[in-house]
Amino acid sequence: MTTVNSLQKWSKWRVSLPLAACVLASHSYAAEVIKIGEINSYKAQPAFLEPYRKGMELAVEQVNKAGGVAGKKLQLIVRDDNGNPADAVRAAEELYAREKIDVLTGSFLSHVGLALTDYAKQKQRFFLASEPLTDKIVWADGNAYTYRLRASTYMQVSMLVPEAVKLNKKRWAIVYPNYEYGQSAVATFKKLMKEKQPDIEFVAEQAPALGKIDAGSVVQALADSKPDAIFNVLFATDMGKFVREGNTRGLFKGREVVGLLTAEPEYLDPLKKEAPVGWTVTGYPWYSIATPEHTAFLKAYQAKYKDYPRLGTIVGYNAIQSIAAGLRKTGGSGETAKLVEAFKGLEVDTPFGRITYRAQDHQSTMGAYIGKTAYDAKLGRGVLVNYHYADGKDFQPSDDEVKKLRPAAAN
């Protein structure tokens, strides 16, 4: 009997050895890896987010090849939010509960970004909003746990306003997608233009639902108002339909157009020969930026993907590089309190140059390129010419204004 019991115990111990080894290996692996959870609208906005994901992957590869952070490798775990705020929050919970992530980042659409901003506040978890542009993320709905990478709606509109004022046009028509980003952009444009040009008139507004523009009726309504100039906030497929219909109906002939996001390759390239000419816009002229930091990035990206980068690529790449820089300051810890402090005044080297995360509103100083659209026959598509880089630090409200815009409890 004793012999049988001894054999049974020995058998159980032998069987448990592989399991114990797996558990130990799992703990060892977890200790050597920093998991970054990323949530985005990949199915809803593929033109921007497929290049964005490649930018993230390149950054992870570069950080890991350089030894990782505090001896730990970065691991990227991605989820799709279906362009839905509720799905985004569910994905965040799943990433923490099942995947045991250390850091949360992502989002593209502004209303989804706001949902994750609120989630970060409620759960007291660090969140780097990489792409959503709404000002509310760092102002009205800002909180201690959320930072934002990309230049906000206010910042990008502020970069365009000096150029719009130079046009000296009185009657303006406006077209924008009817959700948080578009509404915010228009409100800022009206406010800043009124300050610079008090006699300005806004003679027409068209606000189609995102992704559902009836381009013919929108173009006709704008044309009927007989504007001197147009402020366009549309992007993606909505912008393409608007440009094609506007070209067909002569809406842009003899009129100035100022466009937010228009010359980002994601949205300009698909237009090919129909690309607008002479518009004042924000964009990304990857083909002619000659700075050392961008040249090195471009070479690495093309070597890996045999393709050219889009603006989304830059945002994804900068998001991972920002997280890596923050983690270096914490010694590799993803602890919320440590990351929140690490990002205050954090400096990050990017393909656009060095950026800083402002302590006063958690907004980075990443800027944008401002120029004119043109058609390049050799490339067979639209390009950005006569451009300059607008540094984000020069297009943000003063500290006193920020205090009024951002709840005191959020700082």
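Residues numbered from 1 in each chain as written. Predicted model: local features only at pLDDT ≥ 70, side-chain atom pairs only at ≥ 80, totals over all residues. Heavy atoms only, no water.

It is worth spelling out the packing of helix α5 (residues 153–166) against helix α6 (residues 180–196) at this point. Axis angle and axis distance: for two packed helices, these are the angle between their axes and the distance between the axes, and together they describe the pair. Relative orientation of the contacting elements α5 and α6 amounts to 40 degrees, with a least axis distance of 9 Å. It follows that α5 is oblique to α6 by the angle criterion. Relative to α6, α5 is oriented so that their crossing is right-handed. Judged by residue contacts, T153, Y154, V157, S158, V161, A164 and V165 of α5 engage Y181, S184, A185, T188, F189, L192, M193 and K196 from α6. (Axes fitted to C-alpha atoms, helices over the stretch in contact; angles between N-to-C directions. Helix = DSSP H or I, 4+ residues; strand = E, 2+ residues; numbered from the N terminus. Parallel < 35°, antiparallel > 145°, perpendicular 65-115°, else oblique. Left-handed = near helix turned anticlockwise from the far one by under 90°. Contact = heavy atoms within 4.5 Å.)

A volume near 330 Å³ is recorded for the largest pocket. For the largest pocket, the lining is made up of 15 residues, of which D135, W139, Y154, T188 and L405 are closest to its centre. Broken down by secondary-structure element, the contributors of at least two residues to the lining of the largest pocket are α6 and α13 (399–405). Counting residues per element, the lining of the largest pocket draws most heavily on α6, which supplies 7 residues. (1 Å grid on protein atoms, 1.4 Å probe; cavity = no way out; pocket = protein on both sides within 12 Å on 5 of 7 lines; lining within 4 Å. Points joined across faces, edges and corners; volume = space filled by probe spheres on them.)

Time to look at the pairing of strand β11 (residues 347–350). Burial of the side chains of β11 is restricted to one face: V348 and T350 are buried, whereas none of E347 and D349 on the reverse face is. Here β11 runs beside strand β12 (residues 353–356); their pairing, made up of 4 bridges, is antiparallel. From the neighbouring strand, V348 faces β12, where its bridge partner is I355. Once β11 ends, the chain turns through 2 residues before running back antiparallel as β12. (Buried < 20%, exposed > 50% of the residue type's maximum accessible area, 1.4 Å probe, protein only. Pairing = 2+ DSSP bridges.)

Now for the sheet that holds strand β2 (residues 73–80). Taken together, the 5 strands give an open sheet; going across it, the order is β2-β1-β3-β4-β5, and neighbouring strands pair in parallel fashion. What marks the edges here is a single partner per strand, and that holds for β2 and β5 (146–148). The mean inter-strand angle of the sheet, taken between neighbouring strand axes irrespective of direction, is 25 degrees. When strand β4 (residues 127–129) meets β5, the two strands line up parallel, connected through 3 bridges. Bridge pairing in β5 links A129 to R148. Along the sheet, helix α4 (residues 110–123) contacts β1 (33–40), β3 (103–106), β4 and β5; its crossing angle with β4, the most-contacted strand, is approximately 160 degrees.

The next point concerns the pattern of salt bridges. Across all of its chains, the model carries 26 salt bridges by this definition. Linking K136 and E180 is a salt bridge whose minimum nitrogen-to-oxygen distance equals 3.4 Å. Of this pair, K136 sits in the loop between β4 and β5 while E180 sits in helix α6, and the two are 44 residues apart along the sequence. Classification of K136 by relative accessible area gives partly exposed; the value is 35%. Here E201 and R171 are joined by a salt bridge, their closest N and O atoms 3.7 Å apart. With E201 in strand β7 (residues 201–206) and R171 in strand β6 (residues 171–175), this residue pair connects regions lying 30 residues apart in the sequence. Taking relative accessible area as the criterion, E201 reaches 32% and is therefore assigned partly exposed. Of the residues examined, R171 reaches a relative accessible area of 28% and is grouped as partly exposed. Where salt bridges share partners, they join R79, E94, R98 and E99 into one cluster. (Salt bridge = Lys/Arg side-chain N within 4 Å of Asp/Glu carboxyl O.)

Attention now moves to the packing of aromatic side chains. Per the counting criterion, the structure on display carries 26 aromatic pairs. For the ring pair Y147 and Y357, a centre distance of 6.2 Å and an interplane angle of 75 degrees mean the geometry is edge-to-face. Taken together, the residues Y147 in strand β5 and Y357 in the loop between β12 and β13 (368–376) connect sequence positions 210 residues apart. Each member of the pair, Y147 together with Y357, is buried. (Phe/Tyr/Trp six-rings, centres within 6.5 Å; stacked < 30°, edge-to-face > 60°.)

Two elements in contact, helix α11 (residues 311–330) and helix α12 (residues 336–343), have axes whose closest approach is 9 Å; the angle formed by their N-to-C orientations is 110 degrees. Taken together, α11 and α12 sit at an angle that is classed as roughly perpendicular. For the pair α11 and α12, the crossing hand works out as right-handed. Facing S322, I323, G326, L327, K329 and T330 of α11, the residues of α12 in contact are K338, L339, A342 and F343. The class makeup of the residues in the contact of α11 with α12 is 5 nonpolar, 3 polar and 2 charged. (Nonpolar A, V, L, I, M, F, W, Y, C, P; charged D, E, K, R; others polar.)

Next up on the list: the nonpolar core. In this structure, L74, L104, L128, W172, F231, F242 and Y357 are the most contacted members of the largest nonpolar core, which totals 123 residues. Take this core: its biggest share by element is 10 residues, from α11. (Core = buried A, V, L, I, M, F, W, Y, C linked by side-chain atoms within 4.5 Å.)

With respect to the helices, strands and loops of the structure, Q321 is situated in helix α11. Among the residues examined, Q321 registers a relative accessible area of 12% and is labelled buried. Separated by 259 residues in sequence, Q321 and Q62 place their C-alpha atoms 9.3 Å apart. Leaving out residues up to four positions away in the same chain, Q321 has contacts with A59, Q62, V63 and V348.

This part covers the pairing of strand β9 (residues 256–263). Of all 8 residues in β9, 7 are buried, a share of seventy percent or more. Examined bridge by bridge, strand β8 (residues 229–232) and β9 share 4 bridges and lie parallel to one another. When the bridges of β9 are listed, I230 appears paired with V257. For the crossover from β8 across helix α8 (residues 236–249) to β9, the handedness is right-handed. With 3 bridges joining them, β9 and strand β10 (residues 280–283) adopt parallel strand pairing. Across the sheet, A263 pairs through a bridge with G283, a residue of β10. (Right-handed = clockwise from strand over helix to strand, strands pointing away.)

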